[in-house]
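Remarks on the overall topology
Each chain, letter by letter, is given below.
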Amino acid sequence: MFNNIVPILFSNIGFYIMWSAIGLVIGAVAAIVIYMAITKNKIGSVKKSANKLVEDAVADAKLKRKEVLKETNAEIDKIKSDMERQRSDFDREMREKRTELQRSEQRIYSKEDLLNKKEETLDKKLESIEQTKQYLAQKDEDIKKMKAEIESAHQQMIAEVEKAASMTREEAKAKLMEAIEEDAKRDAAKYVREIEASAKEEADKKARDIVSQAVQRCAVDHSAEITVSVVNLPNEDMKGRIIGREGRNIRALENATGVDLIIDDTPEAVVLSGFDPIRREIARITLEKLISDGRIHPARIEEMVEKTKKELDIKIKEAGETAMFEAGVFGLHTDLIKLLGRLQYRTSYGQNVLKHSLEVSHLAGLMASELGADVNLCKRAGLLHDIGKAIDHEVEGTHVSIGADLAKKYKESKEVVHCIAAHHNDIDPETVEAVLVQCADAISGARPGARRESLDNYVKRLEKLESIANGFKGVDKSFAIQAGREVRIIVKPEIVKDDATVFLAKEIAEQIEKEMEYPGQIKVNVIRETRSVEYAK
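Every chain is numbered on its own, with residues counted from 1 as its sequence reads. The predicted origin of the model limits local features to residues at a pLDDT of at least 70 and limits the giving and counting of side-chain atom pairs to 80 or more, whereas totals for whole chains, interfaces and linings rest on all residues. As a rule here, side-chain values cover all heavy atoms of the structure and leave hydrogens and water aside.

**As for the overall build of the protein**
Numbering of helices and strands runs from the N terminus; a helix is a DSSP stretch of H or I covering at least four residues, while a strand is a stretch of E covering at least two. Per the secondary structure count, the protein includes 18 helices and 8 strands. Think of it in three bands: with a 1.4 Å probe and only protein chains considered, a residue is buried below 20% of the maximum accessible area for its type, exposed above 50%, and partly exposed in between. Across the 537 residues in the protein, those meeting the buried criterion constitute 32%. Across the protein, every contact between residues at least 6 apart in sequence was considered, and the portion connecting residues at least 24 apart equals 60%. Note on contacts: a residue pair qualifies if any of its non-hydrogen atoms lie within 4.5 Å across the two residues.

As structure tokens, then:
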């Protein structure tokens with residue numbers, strides 16, 4: 001194609017410019033070819049563009065000389081700029097690749113260093129493991145030797161024991177088995193008794209249901225009374241007025257009421273101490289009235305005491321009548337009603353006696369209605385069973401005998417008198433109603449929260465429980481828990497073996513049964529624990 005174009009161009013001088021343009025085009029095409037040789041991805045498109053440009057330049061040379069020249073120059077400039085840009089991109093890409101390559105080499109070197117360090121660490125650990133294996137192997141040999149020595153000593157000890165006991169090992173084992181067999185027989189007998197008791201309980205299920213229903217349906221609140229009463233004062237100056245000149249006021253009050261007045265450093269308070277709750281209540285009410293009135297002198301004190309006694313007699317009678325109506329008991333003698341009201345100020349082990357009597361009356365009546373017994377008799381006897389406690393500070397004898405005598409005096413029936421006399425087994429109960437009153441009294445006094453136990457007795461019982469457990473060989477520590485219903489015993493594992501814990505618990509339980517008195521049952525819990533501790537270094 002170039003051989004045909006050259007003669008045409010040289011035949012006309014006017015086409016020199018065109019030749020130059022074509023030369024430039026050819027140079028550009030050559031540059032593109034060289035560039036495409038370097039960048040293989042662009043070579044095809046550049047060659048087509050160059051060929052097209054050449055063909056267009058030849059075809060339109062006559063008509064578009066100037067346009068071709070301008071277009072060619074513009075194309076050349078564009079190609080140059082593209083080449084520069086691509087060269088710049090290529091250089092940048094090469095720099096990035098080189099940088100990435102250097103980073104990869106550094107990472108490879110660092111990984112190699114890390115692998116070398118890990119190999120060194122593994123070598124050290126392997127060496128330590130090997131040393132540990134050797135140490136354990138040596139210990140194993142030592143343990144085997146020790147076991148052999150222990151076995152030899154054990155055999156020697158058995159021989160010495162047989163020689164000292166004048167019996168062989170088999171004979172000793174036979175005697176031990178005989179003793180164990182006796183214990184097993186005793187335990188079996190005890191178990192049989194428990195089964196019999198359980199069967200009896202099943203047979204008496206109806207009775208238990210009756211008692212439980214009665215307890216659930218009757219719940220009386222009890223308040224704890226004490227032997228002292230406290231009267232609050234408006235100010236400290238009132239203490240001097242109560243004492244009076246040379247103590248005449250306090251002496252007059254103590255003589256009139258039979259109660260001791262304790263005036264100490266307690267701020268704005270006077271303590272009344274007396275064993276008789278009625279007298280103490282009279283003294284409290286009298287003192288409160290005197291403080292409110294402000295006139296405190298011996299004559300006024302005597303007048304106020306007499307007035308308070310009359311008012312309290314009315315309150316006592318009202319309390320007795322209220323209790324009588326609440327229990328559904330009618331026709332009591334007036335003096336019995338007053339004595340019943342006095343029980344409001346009497347306590348027994350922290351239990352209000354009047355409320356206790358009401359509870360016994362309700363319980364006995366409920367059980368009697370379930371069993372078909374005389375409900376009215378049970379209620380009446382239950383309400384009056386502790387009537388003797390109203391005057392047991394004034395009359396000699398037990399409250400049972402005093403109560404029975406009072407019932408006879410005020411024309412109560414023989415059945416009521418018998419229930420009162422038999423409610424603490426002073427005499428044997430002969431009627432169902434007497435048994436029901438006795439049971440109701442036991443339920444009311446024994447239910448949780450009814451009565452308080454002395455703190456000293458409670459602490460002593462816990463200490464006794466722990467001392468019995470600590471007295472056995474091999475016991476490390478013992479703890480009385482759950483209000484003394486369980487004793488938890490920790491034994492020394494090197495002395496007491498697992499099999500021996502059963503016998504130890506049984507022996508401790510037997511010792512507790514022999515030496516202590518307690519309600520319900522006590523759980524003996526023997527714990528043997530072995531701990532192994534080692535430190536990882």
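**Digging into the confidence of the model for the protein**
The predicted coordinates ought not to be read in detail in places where the model reports low pLDDT. pLDDT runs from 0 to 100 and stands for how confident the predictor is about each residue. Summary statistics for the protein give a mean pLDDT of 77 and a share of 77% for residues scoring 70 or more. Long-range and interchain partners of residues 217–225, a stretch whose pLDDT sits below 50, account for 26 contacts in this model, where long-range means more than four residues apart.

**Observations regarding the nonpolar core**
Core analysis: the biggest nonpolar cluster contains 42 residues, and Leu 332, Leu 339, Leu 340, Leu 343, Leu 383, Ile 387 and Leu 406 have the highest contact counts within it. Every element with two or more residues in this core is listed here: α10 (298–327), α11 (334–342), α12 (353–371), α13 (375–384), α14 (399–409), α15 (414–422) and α16 (432–446). If sequence neighbours within four positions are ignored, Leu 383 has contacts with Ala 323, Met 324, Ala 327, Val 329, Leu 332, Leu 340, Ser 357, Leu 358 and Ser 361. Side-chain atoms within 4.5 Å link the members of a nonpolar core, which is a set of buried Ala, Val, Leu, Ile, Met, Phe, Trp, Tyr and Cys residues. Within the second largest apolar cluster, 25 residues are counted, among which are Val 270, Ile 282, Ile 296 and Leu 312.

**Side note on the side chain of Thr 308**
Structurally, the position occupied by Thr 308 is in helix α10. Judged by relative accessible area, Thr 308 falls into the buried class, the value being 1%. Counting of polar contacts relies on pairs of N or O atoms within 3.5 Å, with two restrictions inside protein: one atom must be capable of donating a hydrogen and the other of accepting it, and residues adjacent in sequence are counted only when both atoms are side-chain atoms. Reaching out from Thr 308, the side chain makes a polar contact with the backbone oxygen of Met 304 at a distance of 2.7 Å. Beyond its immediate chain neighbours, meaning those up to four positions away, Thr 308 contacts Ile 282, Ile 285, Thr 286 and Lys 289.

**Structural notes on the pairing of strand β8 (residues 523–527)**
Covered by surrounding structure in β8 are Val 524 and Val 526 only, the residues Lys 523, Asn 525 and Ile 527 on the alternate face being uncovered. By this definition, two strands are paired if DSSP reports at least two bridges between them. Summarising the sheet, strand β7 (residues 486–491) and β8 pair through 5 bridges and their orientation is parallel. Looking at β8, one finds that Arg 488 is bridged to Asn 525.

**Comments concerning the packing of α12 against α13**
It is at 7 Å that the axes of α12 and α13 come closest, and there the two elements cross at 160°. Relative to α13, the element α12 lies roughly antiparallel. Taken as a pair, α12 and α13 cross one another with a handedness that is right-handed. Residues Ser 357, Leu 358, Val 360, Ser 361, Ala 364, Gly 365, Ala 368 and Ser 369 of α12 touch α13, and the partners they reach there are Val 375, Cys 378, Lys 379, Gly 382 and Leu 383. Polarity classes work like this: nonpolar for Ala, Val, Leu, Ile, Met, Phe, Trp, Tyr, Cys and Pro, charged for Asp, Glu, Lys and Arg, and polar for all others, with Gly in that last group. Looking at the contact of α12 with α13 residue by residue, the classes come out as 7 nonpolar, 5 polar and 1 charged. Between N-to-C directions, angles cover 0 to 180 degrees, with each direction set by a line fitted to C-alpha atoms, over the stretch in contact for helices. Any angle between 65 and 115 degrees counts as roughly perpendicular, while under 35 counts as roughly parallel, over 145 as roughly antiparallel, and the rest as oblique. Crossing handedness is defined as follows: a turn of the near helix away from the far one that is anticlockwise and smaller than a right angle gives a left-handed crossing, while the clockwise case is right-handed.

**Remarks on the sheet that holds β8**
By way of backbone hydrogen bonds, the strands of a sheet pair with one another, either parallel or antiparallel. One open sheet holds the 3 strands; their spatial order is β6-β7-β8, and the pairing between them is mixed. Each end of this open sheet is capped by a strand with a single partner; those strands are β6 (475–481) and β8. For this sheet, the mean angle separating the axes of adjacent strands, direction not counted, is 20°.

**Examining a nonpolar patch on the surface**
Side chains of Met 177, Ile 180, Val 502 and Phe 503 sit close together on the surface and give an oily, nonpolar patch of about 370 Å² of accessible area. Broken down by secondary-structure element, the contributors of at least two residues to the nonpolar patch are α5 (169–203) and α18 (498–515). Inspection of the secondary structure puts Met 177 in helix α5. Note that patches include only residues with greater than 30% relative accessible area and no salt bridge, and the join distances are 9 Å for like charges and 5 Å for nonpolar side chains (Val, Leu, Ile, Met, Phe, Trp, Tyr). Working definition of accessibility: Shrake-Rupley area with a 1.4 Å probe, residue cover restricted to the visible protein chains. Salt bridges are identified by distance alone: a Lys or Arg side-chain nitrogen within 4 Å of an Asp or Glu carboxyl oxygen.

**Structural notes on the side chain of Glu 486**
Here Glu 486 is to be found in strand β7. For Glu 486, a relative accessible area of 3% puts it in the buried group. Reaching out from Glu 486, the side chain makes a polar contact with the side chain of Arg 488 at a distance of 3.2 Å. With near-sequence residues (within four places) excluded, Glu 486 lies in contact with Phe 479, Ala 480, Ile 481, Ile 522, Lys 523 and Asn 525.

**Considerations on the pattern of salt bridges**
In total, this model carries 13 salt bridges according to the counting rule given. Notably, a salt bridge pairs Arg 528 with Asp 498, separated by 2.9 Å at the nearest N-O pair. Of this pair, Arg 528 sits in the segment after β8 while Asp 498 is found in helix α18, placing the two residues 30 residues apart along the sequence. According to the relative accessible area criterion, Asp 498 is partly exposed, its value standing at 48%. Across the pair Glu 510 and Lys 506 runs a salt bridge whose closest N-O atoms are separated by 2.7 Å. Here Lys 506 and Glu 510 lie together in helix α18, a separation of 4 residues that amounts to about one turn. Judged by relative accessible area, which is 24%, Lys 506 ranks as partly exposed. Salt bridges linked by common partners bring Glu 281, Arg 284 and Glu 288 together as one network.

**Comments concerning unusual backbone geometry**
A positive phi angle is found at Glu 246, which is not glycine, with a value near 55°. Glu 246 gets classed as exposed once you look at its relative accessible area, which sits at 72%. You will see that Lys 411, though not glycine, has its phi angle at about 60°, which is positive. Locating Lys 411 in the fold gives a position in the loop between α14 and α15.

**Regarding the pairing of β7**
By the bridge criterion, 6 bridges tie β6 to β7 in an arrangement that is antiparallel. Bridging across to β7, Val 475 finds its partner in Val 491.

**Here's the deal with helix α9 (residues 277–293)**
One less than the residue count of a helix, multiplied by 1.5 Å, gives the span that helix is expected to have. Helix length check: α9 (17 residues) gives 24 Å between terminal C-alpha atoms against 24 Å at 1.5 Å per residue, within 8%. Buried residues of α9: Pro 277, Ile 278, Arg 280, Glu 281, Ile 282, Ala 283, Ile 285, Thr 286, Leu 287, Leu 290 and Ile 291, and no others. Positive phi shows up at Gly 294, right after α9, with a value of about 90°.

**Considerations on a negative patch on the surface**
Where like charges cluster on the molecular surface, the negative patch consists of Glu 119, Glu 120, Asp 123 and Glu 127. Mapped onto the secondary structure, Glu 127 falls in helix α4 (residues 65–165). We count Lys and Arg on the positive side and Asp and Glu on the negative side, and we leave His and both chain ends out. For this purpose, a charge sits on NZ of Lys, CZ of Arg, CG of Asp or CD of Glu.

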